[in-house]
Each structure stands twice: as C-alpha cells, then as structure tokens.
Amino acid sequence: MSDTMNETHVALGGDTTISCTVNGQAVSVEVPVRTSLSDMLRSALELTGTHLGCEHGVCGACTIVLDGAAVRSCLMLAVQADGTEIRTIEGLATDGTWHPIQQAMHDHHGFQCAFCSPGFMMTAVAMLEDDPNRTEAEIREELGGNLCRCTGYESIIDGVLGAIAEMRDGDGGVA
Amino acid sequence: MKAPPFAYARPTTLDSALELLAGNDDAKVLAGGQSLLPVMNLRLGAPALLVDISRIPMLDRIVVDDDGAVTIGALVTHAAVEASPEIASHQPIVAAAAPHIGHRAIRNRGTCVGSIAHADPAAEMPAVCLATDAMMIATSTRGDRAIPAADFFTGFLETDLADDELLAAVRFPASPVGARGTVVEVARRHGDYALAGLACRLVFDGDTITDAALAYFGVGPHAQRVAPAEAALVGTSGDDDALDEAVRLVAATLDPPADVHGSANYRRHLAGVLCRRAVTELRSETGEAR
Ligand SMILES: Cc1cc2nc3c(=O)[nH]c(=O)nc-3n(C[C@H](O)[C@H](O)[C@H](O)COP(=O)(O)OP(=O)(O)OC[C@H]3O[C@@H](n4cnc5c(N)ncnc54)[C@H](O)[C@@H]3O)c2cc1C
Ligand code: FES
Ligand code: FES
C-alpha cells in the first residue's frame, strides 16, 4: 500500500499518482484526478481489453476484479483504486494457456462481436472463485447485470456451465 | 461521458472529513460512488470537491445491540448487508431488500447508507427505513443528531441532511414481537430500479394484524407510507375483504409518475398487486418472527 493511505490525500485538480497492483505487477501511474479507473487501465496502462459501453454502470462491459470482487471500473475513480489489487481480462491466461472460462466460452460460442465478453468473463471469474458450485439459476442471476447485444445469452450461460464442469472434473461439457 | 473536473480529498479521520465538508460550499461525500459517479459522468452534477470517506476507520461496522437493534455504518456495502447473518436474523426486512439492489458488482461498492443519503425515489432502502421507523445518525462539526425516517426524505433526491453533515450510520430499532417483513417489487430486469416496489412490515398477534407499515418506492418523488391502507389492515387477518379495501385505498392515495417505463395507471395497478403479494406472503409465514 502507498504512503497516501495513512494521511489525508488531497489532489486539488491537476494530476495524482496511483500505486496499485495490476495482473500481478506493481504499477505507479500519474493521471488527472478526474480519471476513471477504466480510463486509467485503457489509456495510461494501455490495457484496452476492458471495454466501455455506457460509462454509467448499466452494461457491465467494464467489469474487472478488484481485491477479489467484481466491480464496474467506469464507476470508480482511478484514485479510489490506490493501494488495491486489480485483475483485468489481460491477466486471465497464463503462459499462453487460456483460463478455463476463456476456453469454455470459445467452445460454446459465447463470443460474437465480443464487446461484452471481458465483462462477462471477469464477472464469472469472481463468481466462481467465490463459490464454484453454482446452479444455472444462480449464474443467470449473477450475470444479469451484464448486457450482450449479439448472442442472446444462452451460449454465454453454456460457456460458464462448461467452465464449471471443466474446473470440477476436467470435462468441458461440450457434446 | 467523463466526469467534469473536481478536487479530491481522502481524509483518514472523521474529524478531518467533517472539517472539509464544513469549509467547502460545494463539497460532496464520495462513498461507494455507485450513484455519484454516474451522476457526474452524465454531467447531471459537478461538485467542486469530493470528500472520499472510504479510508475512515470504524465506519464499516455493523453493530447489534442486545435487544436486536442494528446500526449500519456509512461504509457498509450492500454486499456486506446481504452477507450478514446478524442482519438476516435481527432485521430480515433489511436483508430482504439487499438482493434487489442493482447487480452484484454495484452491491460490492455501493453502500447502504449512501443509498439512503442519495434518496432515489425508486431505491429500496429509504422505504425499508420508513417501514421500520429507522433513525438516521447525522454528524457535523456542529455536533450529532438523530433524524427519524419519517422526517428524513423530503423530496426527489432530497433529504433533511444539511450540506455540512455526514450520514454516519442508520439505526434500525429492535423489531416488535410478532413482526414479519418483506420487500417486493416489479422491475424490467432484475437489479434495475423498480417500476414500483413495497417494503411491508406487519405485526401479528396470532392471526390478527396489530400494526402495519406499507412503504412504497418508485411511485412518487420519494418513498412514502400509505396510512389509510395500513389502517384498513389493522385488526384483520389480512383476508380478501381487508385486502380489497387496502388495495382500493393504495390506488386512491398514490399519485405515481408516468415515464417511458410505465404510465401512472400501470404503476398504480402494480402498487395494488404488490400489496396483495406482500400481505399474502407474510400471512402464510408461520413460526419465526421477523
Ligand atoms: C446500474 C445501477 C443499478 C442500480 N440499481 C439500484 C437499485 O435497484 N436500487 C437501489 O437502491 N440502488 C440502485 N443503484 C444505486 C446504488 O444503490 C448506490 O450504491 C447507492 O444509491 C449509493 O451508494 P454509494 O455508496 O455508491 O454512494 P455515492 O454514489 O458515493 O453517493 C451518492 C450520494 O449520496 C451522498 N452520500 C453518500 N454517502 C453519504 C454519507 N455517508 N453522508 C452524506 N452523504 C452521503 C453523496 O454525496 C452522493 O450525493 C444502482 C446503481 C447502478 C449504477
Ligand atoms: S461501461 Fe461500465 S457498466 Fe457500462
Ligand atoms: S458478443 Fe457482441 S455484445 Fe456480446
């Protein structure tokens, strides 16, 4: 955590320095104080996998995992993320191998234009890490805050169910 | 869109937060940001200074008294309310509201007290506060005061809170013996703001309703109770005749807004449907008091 945690941090307009961990790497960036966390990720850190659909919390495309919980990166200021641990879509694959959710979404045709996909996958990852034994009804409920204009959702739900099967017993559930 | 420019302060003590609020005309508290940042991104608001209260100690506590009263601090998120076994056992109507609020990612950041301070007409928590006679604990450099829910919600996104006051906590008094509560609503998509909603608490003595609170949201400029319909339920068992009369009085009392999501008449109709649903649900509940 940065020093600013222990005293009143004041930024009177102008720029401010943010120190946090992104996908396992410690980063320190200077951004204007009004910068959203999503813009910090996309512009300052060039992690453009986090997408912006609405910028007021409705579509879910910008969802990331912050300190273990799914959050809307468009509804956080970068400065609020000072000292936190952030994971984005770019951090899911390890050494060129897809995360089970990425593989399962691919296998079940959960991507069409894929604008919504990073948000869906980060929401799903936070949900499954919290409790991997999810019913279909719970998955539908938990993913209900993310919008997709292409797939009609069924293939996305199938993808998440497939990821659960894969993570449980190495069976992606594809017929 | 992006938020207009502002200055930002992140105090680490309550006193310094209160001084910042007292010393700046156009300062706003930033809690979870799940209402304030959309407002700023849509350029519907442009405060000069944001006072981020997230690093102030002790405000994230849920305190349960021996008698079952529950005090929820300003930094307790909707997700923490939803997950709290104490709130579920002592104030089930508060727990019942939480899953209706936005989506998981919104509840992970948004605070219970922030939704009360924001006072959206379609928000669940203000109605729950009215149904339970909750107390708002406000604090400023001028001192503390407790504001009853009935006096707190004064208009569309307006409350009795002064510009220099911070809402430190909300206190739900012990539930009366025999009380049962529920929150029911109709929304276009689960998690969206409700087209119409009802926080309902009934106190039963055997099969007889001895006290009733019907607190509606989404059907007026702020959450509101419907006293005539409440009176029609008291002394009955909530049977069909009593319900018909209560529903008639709900429709006669409420004056809901019309917008793209629904006409005034549709919302009035929903309000009646919700009254029936809530009372029927609570009547059929046996055993455990809520
Ligand atoms: C897509 C979406 C859907 C949503 N759906 C719902 C829903 O169905 N039901 C619902 O109730 N809400 C809903 N919300 C709003 C959510 O509940 C917010 O969390 C809540 O309204 C505000 O809490 P916050 O901590 O985020 O406050 P902030 O956004 O930080 O602040 C909101 C306002 O309250 C003031 N404020 C906050 N805390 C305090 C305090 N302690 N003292 C004084 N003033 C304070 C701020 O100055 C600001 O004016 C939704 C939000 C989004 C983005
Ligand atoms: S861009 Fe954040 S929710 Fe739509
Ligand atoms: S795949 Fe195009 S929006 Fe979901």
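In this text the structure is predicted, and so the values were computed from the model without any measurement.

I'd like a rundown of helix α1 (residues 37–44) of chain A, residues and numbers included.
Residue pairs three or four apart in sequence face the same way in an α-helix, which turns once every 3.6 residues. All names here are of chain A. Looking at α1, one finds that the buried residues are Leu37, Ser38, Asp39, Met40 and Leu41. In this structure, the buried side of α1 is in contact with β2 (15–22), β3 (25–32), β4 (63–66) and β6 (85–87). Note on α1: the residue one or two positions beyond its end, Glu46, has a positive phi of about 55 degrees.

Summarise the sheet that holds strand β12 (residues 196–205) of chain B; cite the residues concerned and give the values.
All names here are of chain B. Read across the sheet, 4 strands follow the order β11-β12-β13-β14 without closing on themselves; strand pairing throughout is antiparallel. Whereas interior strands pair on both sides, the edge strands pair on one side only; in this sheet they are β11 (179–186) and β14 (224–225). Judged from the 9 bridges that link them, β12 and strand β13 (residues 208–217) form a sheet pairing that is antiparallel. Each bridged residue has a counterpart across the sheet, and for Gly197 the counterpart in β13 is Phe217.

Now, about the interface of chain B and chain A: what can you tell me, with residues and values included?
With 34 residues of chain B at the interface, the matching set in chain A holds 36 residues. Across the chain B-chain A interface, the total number found is 4 salt bridges. Of the charged contacts, one joins Glu142 of chain A and Arg104 of chain B as a salt bridge, the two residues approaching to 2.8 Å between their closest N and O atoms. At the boundary of chain B and chain A, one finds 15 residue pairs in polar contact (both at pLDDT 80 or more). Per element, the largest residue contribution to the side of chain B that touches chain A is 5 residues, and it comes from helix α6 (residues 104–109) of chain B. Class assignment of the residues belonging to the side of chain B that touches chain A gives a composition of 17 nonpolar, 9 polar and 8 charged. Strand direction decides the pairing type here: strand β1 (residues 9–11) of chain A and strand β1 (residues 7–10) of chain B, joined by 3 bridges, are antiparallel. Within the sheet, the bridge partner assigned to Ala11 of chain A lies in β1 of chain B and is Tyr8 of chain B.

How would you sum up the site of ligand 1? Please name residues and give values.
Residues in contact with ligand 1 amount to 34 residues; listed here are only the nearest, Val29, Gln34, Leu36, Thr111 and Glu124 of chain B. With respect to ligand 1, the chains having nearby residues are chains A and B. Separating an oxygen atom of ligand 1 from a backbone N or O atom of Gly32 of chain B is a distance of 2.8 Å. Between ligand 1 and Glu124 of chain B there is a distance of 2.7 Å, counted from a nitrogen atom to a side-chain nitrogen or oxygen. A total of 970 Å² of accessible area belongs to ligand 1 in isolation, and the protein chains cover 95% of it. Of all the secondary structure elements, the ones that give two or more residues to the shell around ligand 1 are β2 (27–30), α7 (112–118) and β10 (166–172) of chain B. Of the residues forming the shell around ligand 1, the biggest block, 5 residues, is contributed by α7 of chain B. Considering only residue class, the shell around ligand 1 consists of 16 nonpolar, 15 polar and 3 charged.

Just give me the short version of the packing of helix α2 (residues 100–107) of chain A against helix α3 (residues 117–130) of chain A, but keep the residues and values in it.
All names here are of chain A. Two elements in contact, α2 and α3, have axes separated by 10 Å at closest approach and are oriented at 130 degrees. Relative to α3, α2 is oriented oblique. In this structure, the crossing between α2 and α3 has a hand that is right-handed. Each of Ile101, Gln102 and Met105 in α2 lies in contact with α3, whose residues at this interface are Met121, Ala124 and Val125. For the contact of α2 with α3, the per-class residue count stands at 5 nonpolar, 1 polar and no charged.

Cut-offs and rules
Sequence order sets the numbering: in each chain, residues are counted from 1 along the sequence as written. A letter from A marks each chain and a number from 1 marks each ligand, given out in the order of writing. Restriction of local features to residues with pLDDT of at least 70 applies here, the model being predicted, together with a cutoff of 80 or more for giving and counting side-chain atom pairs; totals for whole chains, interfaces and linings are based on all residues. The side-chain quantities take in all heavy atoms of the structure and omit both hydrogens and water. Exposure categories follow from relative accessible area, calculated using a 1.4 Å probe and restricted to protein chains: below 20% of the type maximum is buried, above 50% is exposed, and the middle band is partly exposed. The secondary structure listing takes helices from DSSP runs of H or I that are at least 4 residues long and strands from runs of E that are at least 2 residues long, numbered from the N terminus. The contact rule is simple, with two residues in contact once any of their heavy atoms fall within 4.5 Å. Here the rule is simple: two strands pair whenever DSSP picks up at least two bridges between them. A pairing counts as a salt bridge when a side-chain nitrogen of Lys or Arg comes within 4 Å of a carboxyl oxygen of Asp or Glu. For this analysis, a polar contact is any N or O atom pair within 3.5 Å, provided that within protein one partner can donate a hydrogen and the other can accept it, and provided that sequence-adjacent residues contribute only side-chain to side-chain pairs. Three categories are distinguished: nonpolar for Ala, Val, Leu, Ile, Met, Phe, Trp, Tyr, Cys and Pro, charged for Asp, Glu, Lys and Arg, and polar for the others, with Gly belonging to the last. Any residue with at least one heavy atom within 4 Å of a molecule or strand is counted as near it. To be clear on the numbers: accessible area is Shrake-Rupley with a 1.4 Å probe, and residue cover counts the displayed protein chains and nothing else. Simply put, an axis is a line fit to the C-alpha atoms, just over the touching stretch for a helix, and the angle between two N-to-C directions goes from 0 to 180 degrees. Comment on the angle field: the value is read as roughly parallel under 35 degrees, roughly antiparallel over 145, roughly perpendicular from 65 to 115, and oblique elsewhere. For any pair of crossing helices, the crossing counts as left-handed if the nearer helix is rotated counterclockwise from the farther one by less than a right angle, and right-handed if it is rotated clockwise.

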